[in-house]
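Tertiary structure, described
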Amino acid sequence: MNIRDLIRFCFRALSGYPLRTGLMLLAMGMGVCSVIVLTALGEGARQYVAGQFKSLGTHILIVLPGRNETTGGPPPMMGETPRDLTMADAMALKRSSAVHRVAPIMVGSAPVAYAGREREVTILGSTHELFQIRDLSMAQGRFLPEGDVRRPEAVCVAGYKIKTELFGNASPLGQFIRIGERRFRVIGVLARKGQSLGLDMSDVMVINEASAEALFNRSSLFRILVQARGRDAVGRAKKTILEIIQKRHDGEDDVTVITQDALLATFDRIFITLTLAVGGIAAISLIVAGILIMNVMLIAVSQRTTEVGLLKAIGASGRQILKLFLAESAFLSLVGATGGLALSAGGCLLIQRIFPAFPITVPLWSPAAAVSVALSCGLIFGVLPARKASRLDPVAALSRR
Amino acid sequence: MRIIHMEDIQRDFQVGDEKVHALHNVHLSINGGEYISIMGPSGSGKSTLLNILGLLDRPSTGIYRFEDTNTTKLSDLQQAEIRRHKIGFVFQFFHLIPRLTAAENVELPLVLAGEEPGRRKQRVKDILARLGLSDRARHRPDQLSGGQRQRAAIARATIMNPAVILADEPTGNLDRSSGNDVIQAIETLNSEGMTVVLVTHDPELGERARRRIQMVDGRIVSDSGGHE
């Protein structure tokens, strides 16, 4: 029996029961589709996070107070540190030839008031170099002025959301607002930039670091952002940063330096694992579809007992019958998988339509994996019914009407 | 030329605790071109004998030679090979595959044998014409009359040009006139040299055969043309 006849016979057998065949195809198709769409979502999330890191700026190193012994874990957001990072530490880093820019960051919260409106706002104390390091852009006015960073200056730059809430559509430039007990003049408004690393840059007020020290009455920094001179300089920068801080902290190695690449790699790993896990869960539906195929094929075998008996009588060997029924299962899973591919393409397009900002991407391996799992499920679960058919006793099979 | 030789065939079935002898001490030789009817009451073992002749069933003991091949020693694959090329079955209930057209049903043995499509079509066309089914080729079995279905089944049984036609009550499900058509078709094949073995319990039908075998309780009790 040649392959074309085999396919034709299967096709006729399957199209003879359109509802049953349709349902099996649907189950297989949904399984394949869910694997592909879910992995695409996972991959999209990974790329989204990667994009977020890129928006942080380039060749960035983050210096955190405190030592984190384990590598690859989350940075110590909170925790006891023996020695604070200070503005002086930050300025000392500039001595390294590998370091291009340095932006200390102090974070606090204070009430901001203007014309009777008041609200708690996250205050970011930094320097003018933050602008380049974080790749910010202005909607209005200018960023913190260059000059002596150690001198408090009563000027501030508002995030876009804060500006809208305090001033509405009026221009805030030159207006005086109150932050805590102090008066500041608004000199600029940040452009809308969205989230980056969990900090919503539209919902902050940026002031001079020295002013923030005075405002919060402390000198400890939240972190220091360092921009290396180039991609090649990142490793050298990390080494010198550690050396400089260690020297300044009485030989104590008590800071953590995270490179953007290392951070990105960590998140990459997390998201790939997540994608695999979600894909694996979806693959279970493929196995369920395989079991469904087995069930329905078993029913088909008992419904077509006389047919099997007849085929044997006209000269089909047990092997040929086995092949016929296996081919039917394979045909089902192949067509179902193809349908699933089409379905997932449609699903991805739809998601892209609804969430244009989300970079949904189908990783190349996932359709291949989904289709091969679907096929092997169909074949593995097709073996049992096919064997049952091939072992039917033709005399008994034909004695039924 | 002798094509079938059975020696001391016995076939037992286990029914509950009891052993039932469906066939007992059966000796049978058939020459090429013979026209044989096997008659007997129900349960006399005639269908079992036919199934063993057609290699659908294996005897419990005894030797069955088909064209000098000892079939009892053949594998499933080799037996299927003989069924495909040397034996044609005609059943009481036709056993046409309902989703396939008459022509596709007739074509099936050629498909299983791996015959190439171009040659298949011509052979199917010829044989349907011979059995008067040319205008019914594209009809499905449920669109055919009983007589037409059985003729399609005969076409399927003979398309491989087998040595033997085994017919199990071929008219049992037909009215008299279409039954006659079917018998005539079978007898025409016999007149062209095909060996025909016909199981029936209709005496009138059985009398038409040149050699008549009577069975009772799994034994051959009379054989009008035995050649031991």
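Quick caveat: nothing in here was measured; it's all calculated off a predicted structure. (Residues numbered from 1 in each chain as written. Chains lettered and ligands numbered in written order. Predicted model: local features only at pLDDT ≥ 70, side-chain atom pairs only at ≥ 80, totals over all residues.)

1. Section: the overall build of chain A
Spelled out, the test is: By the criteria applied, helices consist of DSSP H or I runs no shorter than four residues and strands consist of E runs no shorter than two, each listed in order from the N terminus. Burial is judged by counting other C-beta atoms within 10 Å of a residue's own C-beta: 20 or more means buried, 12 or fewer means exposed, and anything between counts as partly exposed, with every C-beta placed from the backbone. By the convention adopted here, residues make contact when the C-beta atoms placed from their backbones lie within 7 Å.
In terms of regular secondary structure, chain A is built from 12 helices and 12 strands. Expressed as a percentage of the 401 residues in chain A, the buried residues total 41%. For chain A, long-range pairs separated by at least 24 residues make up 82% of all intrachain contacts whose partners lie at least 6 apart in sequence.

2. What to know about the interface of chain B and chain A
Put simply, the rule is: Each residue receives one of three labels: charged for Asp, Glu, Lys and Arg, nonpolar for Ala, Val, Leu, Ile, Met, Phe, Trp, Tyr, Cys and Pro, and polar for the others, Gly being one of them.
Counting residues at the interface gives 23 residues for chain B and 21 residues for chain A. For the side of chain B that touches chain A, the elements supplying multiple residues, two or more each, are helix H2 (76–86) and helix H3 (102–113) of chain B. A per-class count over the side of chain B that touches chain A returns 13 nonpolar, 4 polar and 6 charged.

3. What about the pairing of strand E2 (residues 99–114) of chain A?
All names here are of chain A. Spelled out, the test is: In this scheme, strands are said to pair when DSSP sees at least two bridges between them.
Here E2 pairs with strand E11 (residues 223–228) via 6 bridges, running antiparallel. Counterpart to Pro104 in the pairing with E11 is Ile224. Bridge count for E2 against strand E3 (residues 117–126) is 9 bridges, and the pairing is antiparallel. Directly across from Ser109, in E3, lies its bridge partner Thr122. With antiparallel pairing between neighbouring strands as the criterion, E2 and E3 make up a hairpin whose turn holds 2 residues, including Ala115 at a positive phi of roughly 50°.

4. Remarks on the sheet that holds strand E1 (residues 2–15) of chain B
Residue and element names in this part refer to chain B. Reading across from one edge, E2-E1-E4-E5 is the order of the 4 strands in this open sheet, with antiparallel pairing throughout. Across the chains shown, the open sheet's two edge strands, defined by having one partner strand only, are strand E2 (18–31) and strand E5 (69–70). Two strands pair when backbone bridges link them, and E1 and strand E4 (residues 61–66) are joined in this way by 5 bridges, in the antiparallel orientation. Its bridge partner lying in E4, Gln10 is registered against Thr61.

5. Notes on the pairing of strand E1 (residues 60–65) of chain A
Residues and elements named next belong to chain A. Most of E1 sits out of view: 5 of its 6 residues are buried. The pairing of E1 with E11 spans 4 bridges and is antiparallel. Across the sheet, residue Ile62 finds its bridge partner in E11, namely Leu225. The pairing of E1 with strand E12 (residues 255–259) spans 5 bridges and is classified as antiparallel. Residue Val63 lies in a different strand from E12, and its bridge partner there is Val257.

6. Regarding helix H5 (residues 146–158) of chain B
Residues and elements named next belong to chain B. Heads up, the condition is: Expected helix span is given by 1.5 Å per residue-to-residue step, counting one fewer step than there are residues.
In this model, H5 (13 residues) spans 18 Å end to end at C-alpha, consistent with the 18 Å of a helix rising 1.5 Å per residue. In terms of residue burial, H5 counts as a mostly covered element, since 11 of its 13 residues are buried. Burial in H5 covers these residues: Gln148, Arg149, Gln150, Arg151, Ala152, Ala153, Ile154, Ala155, Arg156, Ala157 and Thr158. In this structure, the buried side of H5 is in contact with strand E6 (87–90), H3, helix H4 (117–130), strand E7 (164–168) and helix H6 (176–191).

7. Some points on the sheet that holds E6 of chain B
Residues and elements named next belong to chain B. Which entries qualify depends on this criterion: The angle between two axes is taken between their N-to-C directions and runs from 0 to 180 degrees, where each axis is a line fitted to C-alpha atoms and a helix contributes only its stretch in contact.
The 6 strands are arranged E6-E7-E8-E3-E9-E10 in an open sheet whose pairing can be described as mixed. The open sheet has two edge strands with one neighbour each: E6 and strand E10 (219–223). Going from strand to strand, the sheet's axes swing by 20° on average, the running direction of each strand aside. One ladder, built from 4 bridges, connects strand E3 (residues 35–39) with strand E9 (residues 211–216); its direction is parallel. The residue bridging Ile38 from the neighbouring strand is Ile213, located in E9. The strands that helix H1 (residues 46–53) touches are E3, E7, strand E8 (195–199) and E9; relative to E8, the one it contacts most, it runs at about 150°.

8. Notes on the nonpolar core
Applicable threshold: Among buried residues, those of type Ala, Val, Leu, Ile, Met, Phe, Trp, Tyr and Cys that are joined through C-beta atoms within 7 Å form a set called a nonpolar core.
Ranked by internal contacts, the top residues of the largest apolar core, which has 123 residues, are Val32 and Ala374 of chain A together with Ile165 and Val196 of chain B. Element by element, the count of residues in this core is highest for helix H2 (residues 18–54) of chain A, at 14 residues. When near neighbours in sequence (up to four residues on either side) are disregarded, Val32 of chain A contacts Leu286, Gly336, Ala337, Gly340, Leu341, Ser344, Ala370, Val371 and Ala374 of chain A. Ile60, Met87, Ala90 and Val189 of chain A belong to the second-largest nonpolar core, a separate cluster that totals 53 residues.

9. Let's talk about the packing of H2 of chain A against helix H11 (residues 365–390) of chain A
Residue and element names in this part refer to chain A. Applicable threshold: Oblique is the label for every angle not falling under 35 degrees (roughly parallel), over 145 degrees (roughly antiparallel), or within 65 to 115 degrees (roughly perpendicular). The hand of a helix crossing depends on one turn: near helix anticlockwise from the far one by less than a right angle means left-handed, and clockwise means right-handed.
Across the interface, H2 lies against H11 with an axial gap of 9 Å and an inter-helix angle of 155°. Taken together, the axes of H2 and H11 are roughly antiparallel relative to one another. Taken as a pair, H2 and H11 cross one another with a handedness that is right-handed. Where H2 approaches H11, its residues Met28, Gly31, Val32, Val35, Ile36 and Thr39 are matched on the opposing element by Ser366, Pro367, Ala370, Val371 and Ala374.

10. Here we look at the environment of Ala289 of chain A
Assignment of secondary structure puts Ala289 of chain A in helix H8 (residues 260–303). Residues within four places of Ala289 of chain A in sequence aside, it is in contact with Ala27, Met28, Gly31 and Cys377 of chain A.

11. Some points on the packing of H2 of chain A against helix H10 (residues 318–354) of chain A
Any two packed helices are characterised by the angle at which their axes cross and by the distance between the axes. All names here are of chain A. As a packed pair, H2 and H10 sit with axes 7 Å apart at the nearest point and diverge in direction by 45°. The angle between H2 and H10 falls in the class oblique. Handedness of the crossing formed by H2 with H10: right-handed. Residues Met24, Leu25, Met28, Gly29, Met30, Gly31, Val32, Cys33, Ile36, Val37 and Ala40 of H2 form the contact with H10, whose participating residues are Leu332, Ser333, Val335, Gly336, Ala337, Gly339, Gly340, Leu341, Leu343, Ser344, Gly347 and Cys348. Of the residues in the contact of H2 with H10, the class split is 15 nonpolar, 8 polar and no charged.

12. Overview of the environment of Leu349 of chain A
Following the sequence through the fold, Leu349 of chain A ends up in helix H10. Along the sequence, Leu349 of chain A and Ile360 of chain A sit 11 residues apart, while their C-alpha atoms lie 8.9 Å from each other.

13. Re helix H5 (residues 160–167) of chain A
Residues and elements named next belong to chain A. Selection rule: The arc in question is formed by the directions pointing from the helix axis toward the C-beta atoms.
Among the residues of H5, Tyr160, Ile162, Lys163 and Leu166 are the ones counted as buried. Down the axis of H5, the buried set is contained in an arc of 160°. They therefore lie on one face. Downstream of H5 by a residue or two, Gly168 has a phi angle that is positive, lying close to 65°.

14. Regarding unusual backbone geometry
The backbone of Asn25 of chain B sits at a positive phi, close to 55°, despite the residue not being glycine. Summarising the element assignment, Asn25 of chain B is placed in strand E2.

15. What to know about the confidence of the model for chain B
The following threshold applies: Every residue gets a pLDDT, meaning the predictor's confidence in that residue, from 0 to 100.
Within chain B, residue pLDDT values average 89, and 99% of them lie at 70 or more. This prediction of the complex comes with two scores: 0.69 for pTM and 0.90 for ipTM.

16. So, the environment of Ile30 of chain B
All names here are of chain B. Here Ile30 is to be found in strand E2. Assessed through the 23 C-beta atoms surrounding it within 10 Å, Ile30 is described here as buried. On a C-alpha basis, the gap between Ile30 and Ile3 in space is 6.1 Å, while along the polypeptide they are 27 residues apart. Filtering out sequence-adjacent residues up to four positions away, Ile30 remains in contact with Ile3, Ile4, Ile36 and Thr195.

17. Let's talk about the confidence of the model for chain A
On average, chain A scores 85 in pLDDT, and the residues at 70 or more come to 93%. When pLDDT is averaged over each element of chain A, strand E5 (residues 155–158) of chain A comes out on top at 93 and strand E8 (residues 195–196) of chain A at the bottom at 55.

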